[in-house]
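Residue-level listing of the chains:
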Amino acid sequence: MYLNCHTYYSLRYGTYSEESLLRLAQEKGITRLTLTDINNTSAGLNFVRRAPEFNVRPSLGIDFRNGIACCFVGIARNNEGYLELNRFLSHHLHNKLPLPERAPVFLNAYIIYPFEKVLLEEMKAFASHEFIGISLRDLRRLPFSRLIEYREKLVVLQPVTFRNKRDFNAHRLLRAIDNNVLLSKLPETEQASAQDCMYSLENLATAFSDFSFILENTERLIQTCEIRFDFSAQRKPQNLQTYTGNEASDIELLRRLCQEGMPYRYKDPGPEVHARLEKELDLITKKGFVSYFLINWDIVSEARRRGFFYVGRGSGANSIVAYLLRITDVDPIELDLYFERFINLFRANPPDFDIDFSWKDREAITRYIFERFKHVTLLGTYVTFRQRGIIRELGKVFGLPKAEIDLLCQGQYPNSRLDEVARLVLRYGELIRGMPNYLSIHAGGILISEQPIHYFSATHLPPKGFPTTQFDMVIAEDVGLYKFDILGQRGLAKIEEALEIVRENQPEAFQRIDIHDISRIKEDSRINQMVKSAQCMGCFYVESPAMRMLLRKLEVDTYLGLVAASSIIRPGVAKSGMMREYILRHRNPERVQQAHPVLLEIMPDTYGVMVYQEDVIKVAHYFAGLSLGEADVLRRGMSGKFRSREEFERVKAVFIANCRKKGYAEAMISEIWQQVASFAGYAFAKGHSASYAVESYQSLFLRTYHPLEYMVAVLNNGGGFYRAEHYIHEARMLGGVIHAPCINRSVGVTRIQGVDIYLGFVFLKELESRIIDRIISHRTAGGTFASLEDFLDRVSISIEQVSILIRIDAFRSTGGEKHELLWQAHMLLSGGTIREHPRLFPPQNARYQLPQLHATSQEDAFTQLELLGFCLCSPFKLLVHPAVNSHGSGDFPNFLDRSIDMYGYLVTVKNTKTHTGKQMYFATFIDQQGEVFDTVHFPPVAAKYPFRGKGIYRICGKVVSEFGFLSVEVVKMEKQPYISDPRYAEIKTSTRLLAQRQEQMRTPSEIRTSRGSASLPKDSR
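Values in this document were obtained by computation on a predicted structure and should not be read as measured data.

Points about the overall build of the protein chain
Along its length, the protein chain carries 42 helices and 22 strands. On the principal axes, the C-alpha backbone points of the protein chain span a range of 105 × 90 × 65 Å. Here the protein chain holds 1021 residues, and 55% of them are scored as buried. Restricting to contacts in the protein chain with at least 6 residues of sequence separation, those with at least 24 account for 70%. With the model as given, the accessible surface of the protein chain reaches about 46,000 Å², and the carbon-plus-sulfur share is 51%. Side chains of the protein chain give 127 positive and 118 negative charges; the mean places of these two sets differ by 4 Å.

Some points on the packing of aromatic side chains
Evaluation of the coordinates by the stated rule reveals 44 aromatic pairs. With a centroid separation of 5.9 Å and an interplanar angle of 80°, the aromatic rings of phenylalanine 229 and tyrosine 455 are classed as edge-to-face. Of this pair, phenylalanine 229 sits in the loop between α7 (212–223) and α8 (247–265) while tyrosine 455 sits in the loop between β11 (436–448) and β12 (459–460), placing them 226 residues apart in sequence. Tyrosine 455 matches phenylalanine 229 in its accessibility class, with the two residues each being buried. Taken together, the ring pairs connect Phe64, Phe72, Phe88, Phe106, Tyr113, Phe126 and Tyr150 into an aromatic cluster.

Description of the confidence of the model for the protein chain
On average, residues of the protein chain score 89 in pLDDT, and 91% of them are at 70 or above. Across residues 987–994, confidence stays below pLDDT 50; counting only partners more than four residues off in sequence or on other chains, it has zero contacts. Segment residues 1003–1021: pLDDT under 50, and three contacts once partners within four positions in sequence are set aside and those in other chains are kept.

With respect to α8
Over its 19 residues, α8 runs 27 Å from end to end, which matches the ideal 27 Å to within 8%, given 1.5 Å per residue. Within α8, burial applies to Asp250, Leu253, Leu254, Leu257, Cys258, Gly261, Met262 and Arg265. Buried residues belonging to α8 abut α9 (271–287), α10 (290–305) and α11 (320–324). The N-terminus of α8 is capped by asparagine 246, whose side-chain oxygen sits 2.9 Å from the backbone nitrogen of alanine 248.

Here's the deal with the packing of helix α23 (residues 545–554) against helix α26 (residues 578–587)
Here α23 crosses α26 at 30°, and the two axes come no closer than 10 Å. Taken together, α23 and α26 sit at an angle that is classed as roughly parallel. Contact residues: α23 offers Leu550, Arg552, Lys553 and Leu554, while α26 offers Met579, Tyr582, Ile583, His586 and Arg587.

Describing the pattern of salt bridges
Scanning the entire structure with this criterion turns up 50 salt bridges. Overlapping salt bridges bring together Arg12, Arg175, Asp178 and Glu190 as one network.

Quick word on the pairing of strand β18 (residues 899–913)
For a regular strand, side-chain orientation follows a simple rule: the groups alternate between the two sheet faces. Where β18 meets strand β21 (residues 952–962), seven bridges bridge the pair, whose relative direction is antiparallel. Counterpart to tyrosine 905 in the pairing with β21 is isoleucine 952. Inspection of the sheet shows β18 paired to strand β19 (residues 919–926) by eight bridges, in the antiparallel sense. Residue lysine 910 lies in a different strand from β19, and its bridge partner there is phenylalanine 922. Connecting β18 to the antiparallel partner β19 that follows it, the hairpin turn spans five residues, and glycine 917 within it adopts a positive phi of roughly 90°.

Considering the sheet that holds strand β16 (residues 751–753)
With mixed pairing, three strands are arranged side by side in an open sheet as β15-β17-β16. Sheet topology places β15 (737–739) and β16 at the edges, where each strand pairs with a single neighbour. Ignoring strand direction, the axes of neighbouring strands in this sheet form an average angle of 25°. Sheet analysis places β16 next to strand β17 (residues 756–758), joined by three bridges and oriented antiparallel. The partner of glutamine 753 across the bridge, within β17, is aspartate 756.

Observations regarding the sheet that holds strand β22 (residues 965–975)
Around the barrel, five strands lie side by side as β18-β19-β20-β22-β21; this closed barrel has mixed pairing. Adjacent strand axes in the sheet meet at a mean angle of 50°, parallel and antiparallel pairs treated alike.

Re the nonpolar core
Grouped together as the largest cluster of nonpolar side chains are 104 residues, with contacts concentrated most on Leu551, Phe791, Val802 and Leu805. Residue contacts for phenylalanine 791: discarding those within four places in its chain leaves Ile743, Ile775, Phe785, Ile797, Val802, Leu805 and Phe811. Judged by nonpolar contacts, the second largest core, of 96 residues, contains Phe115, Leu424, Ile453 and Tyr455.

A word on the pairing of strand β8 (residues 310–313)
Because side chains alternate across β8, one face comprises the buried residues Tyr310 and Gly312, and the other comprises Val311 and Arg313, equally buried. Of the strand pairs in this sheet, β8 and strand β9 (residues 354–358) are connected by four bridges, and their pairing is antiparallel. The residue bridging tyrosine 310 from the neighbouring strand is phenylalanine 357, located in β9.

Brief notes about unusual backbone geometry
For asparagine 55, which is not a glycine, the phi torsion comes out positive at approximately 60°. Secondary-structure assignment places asparagine 55 in the loop between α2 (44–50) and β3 (57–66). Judged by relative accessible area, asparagine 55 falls into the exposed class, the value being 58%.

Quick notes on the side chain of serine 42
Locating serine 42 in the fold gives a position in the loop between β2 (32–35) and α2. Within polar-contact distance, the side chain of serine 42 engages the backbone oxygen of glutamine 470 at 2.4 Å. The residues contacting serine 42, other than those within four sequence positions of it, are Tyr9, Tyr382, Leu439, Gln470, Phe471 and Ile475.

Describing the packing of helix α15 (residues 387–397) against helix α17 (residues 420–432)
Two numbers describe how α15 lies on α17: the axes approach to 9 Å, and their chain directions differ by 115°. Between α15 and α17 lies a crossing of right-handed hand. Where α15 abuts α17, its residues Gln387, Ile390, Ile391, Leu394 and Gly395 lie against Val425, Leu426, Tyr428, Gly429 and Ile432. Considered class by class, the residues forming the contact of α15 with α17 number seven nonpolar, three polar and no charged.

About the criteria used
- Residues numbered from 1 in each chain as written.
- Predicted model: local features only at pLDDT ≥ 70, side-chain atom pairs only at ≥ 80, totals over all residues.
- Heavy atoms only, no water.
- Helix = DSSP H or I, 4+ residues; strand = E, 2+ residues; numbered from the N terminus.
- Buried < 20%, exposed > 50% of the residue type's maximum accessible area, 1.4 Å probe, protein only.
- Contact = heavy atoms within 4.5 Å.
- Areas by Shrake-Rupley, 256 points an atom, 1.4 Å probe, with all protein chains shown as cover.
- Lys, Arg positive; Asp, Glu negative; His and termini not counted.
- Charge placed at Lys NZ, Arg CZ, Asp CG, Glu CD.
- Phe/Tyr/Trp six-rings, centres within 6.5 Å; stacked < 30°, edge-to-face > 60°.
- pLDDT = per-residue confidence, 0-100.
- Expected span 1.5 Å × (residues − 1).
- Polar contact = N/O pair within 3.5 Å; in protein donor to acceptor, adjacent residues only side chain to side chain.
- Axes fitted to C-alpha atoms, helices over the stretch in contact; angles between N-to-C directions.
- Parallel < 35°, antiparallel > 145°, perpendicular 65-115°, else oblique.
- Salt bridge = Lys/Arg side-chain N within 4 Å of Asp/Glu carboxyl O.
- Pairing = 2+ DSSP bridges.
- Core = buried A, V, L, I, M, F, W, Y, C linked by side-chain atoms within 4.5 Å.
- Left-handed = near helix turned anticlockwise from the far one by under 90°.
- Nonpolar A, V, L, I, M, F, W, Y, C, P; charged D, E, K, R; others polar.

Listed below in structure tokens is the structure:
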């Protein structure tokens, strides 16, 4: 009976979820309901999915508005009508067009114009599908309006936006946020009426008792509306059904491609390979996933054709079909990847293929997908109101000063310091917490559907320029739309660019590289030794302090070992306490016998320890006796994407009950379940870990054989776990000669010539990008710059910008000393006018005699700190008090279980908490020899000796060993001061000398006068 209902997906307007709306209808005895969010269809599918649970027959529509002004409400008669409405809204959203005052002709949708709108626009003629909406507040005016004559066109259009006063208050806050005004200044015209509520059928009938024909018209209209989507477990995928246009042709093509890929992947495929292939093809065909595989094959084939570097990962890496199609580089036979994790008869959704591309190539491959297939869209997601955002938005709404808003955001304030307004911000913030704030884009999800995407949702057009759904991945999967994950990754960009740099810097060596020859790379002894010794700085996924520590503890020197380590490091395994147990069993084979025999039989490769998502399925199936379908429920429940917690809890109960029937001890059942539960949201599929390990090995290959080129690529692609400064230091340790930016050799990014590495102009934080472009273009067109004068004649630049270049010594190739060049620049640009074009003829500049000037290395270091953020010399040279010892990480074996006094330059700090909630730290430093070492700061030390920013610290502590990994347990730490900035020391000295000279030149009377005036304030007091 209600044709105009809003949820909080009427963004910054509605106040509750679609589930709350349905529950409200159930309480009021309403069995027919139409959801019509404002210019939005985000809640539509889930509203239809959940409605039967509340005994509601749903219908869908859209409340079309320009701002808050309602133009008309569209209600779909059927799915085709919903498609029409979505297309119409999407057209206007994409093109940022205002909605028209009159709706177009819809063949399968009704249009309802609000009573007030009809009067203001003086509408008179109405088509058969058009109606006039009457709300409760319109009833008083209706008898006195000409519209009473349109008896057949009048229907109930009572907006449903609020449940109570609390919702109305939340609505006012949202409207103030949307209008960016103080709550006290919010116009009533920007708010809904507080009467926009749902009333029981009895109350509604009473209100319209004098106009029963309106109720009858409404009933007839809503009875003709029916919309259906299949949410059953047996639903068919709604993705593109066939790749070739014919199902039989798809199957034939998939088989042929697998056979063609066999020689590339297997030199001598045995019966196991062929049996696995047939098993997979049979199941893929039965589940209707053939086109899904072919579409992924099409995408990666295009990537190879364009020379794009990519990695396929996700559960799809468990598939030999994916391996043969070159979607992934992971051999499931070699790794014994569990087929049922990849796909099983109980699984409705296809496997995940997360295909990573270089961040530089991702947009191009996305555009190809949109051009290649017909019905394509990006997958949406919602950005919700969270604590800090709420405080900032409501702080402005209530008129708090920025300083107070910042204080509230920090969350560290005693209640006694809060005034009434601040308390209001915190209290009212609870009204909107968790509500959608605006629509955004899923990290990498793309939908390729059989039907037009507007059959399911309207689309909007974010800045990326690709149509995007108004629902998220969970709702998409509910209706059978499964995403293709096309992701951007900097790790791949580093590999891709490193190969390009090697081709330029070492063309002969480049000819011998096959980065895709994974088998050879995995068996390379030099690379495996790098893994074992954790020499992995800059390498994908293995460079963090925690990962380097784990590699040293495990003494990993094989690809399979790295696959395990990539998953063990995840919080799920660590949280369960099994990471330590895995290490113990890995290093002590005798300890393996402590594992439960069933678990050891299920997971012999991981010593009976659950490490991968597949292990949970194996344990659930073989240890607890769950069906594969039930085991998959557990697996999905761990992913963090699972919706039905009730179903998950039911499977948990079956898990425990089955274990008891098998006679397992209660302590063991509890322990195993805790391990399963600890994986929630954190576990990796084994194929996922294997894909990561492949990329790690490719990175390690380049770091081992082409370290300088690889480090340059790392710098040019955003670094990694550490700051750029650390990768520059690493390049120096690997034999590179580091140069500050140079006007004749540098470009925007860092480049290498032989072993000489020239930092890019982008490292100069205050240098404008347009100046960088001008330098490079003029140098390319006219050759290198011979002098500062030559540079200024050819490049239009301000004195501020050229000063940056001179101070970093970018003109050193011209032979000029930078202090002299600064004087010359000020003389040559004394007018301050910036020319937009180079001079046609070089001018004859006056020659000036300058005093002899020079800079010290310490001055250079401080200039580099200012302009680059780090210095290019050793920071230990800047200490006020030189180090009293030269101890480094190389001395750790001699100080094992003994105290050591040493110095370290801080690289990174990880804040963490003990199980009792106390703060502690793990830190990484560089010693005086340039080597990395790690420290542990337990809570008492962390509280007494906190970190005080970047710099050098003197560290006293005990060298300890854990599984062979040596680190320092800090007992005392003190940051060491740098020398005063020598660039300003002379100014201070000269100022002091000048003051002394002036004092000496003054007369006695002047001195007495000045002393007398200085005492006046005292006398006046």
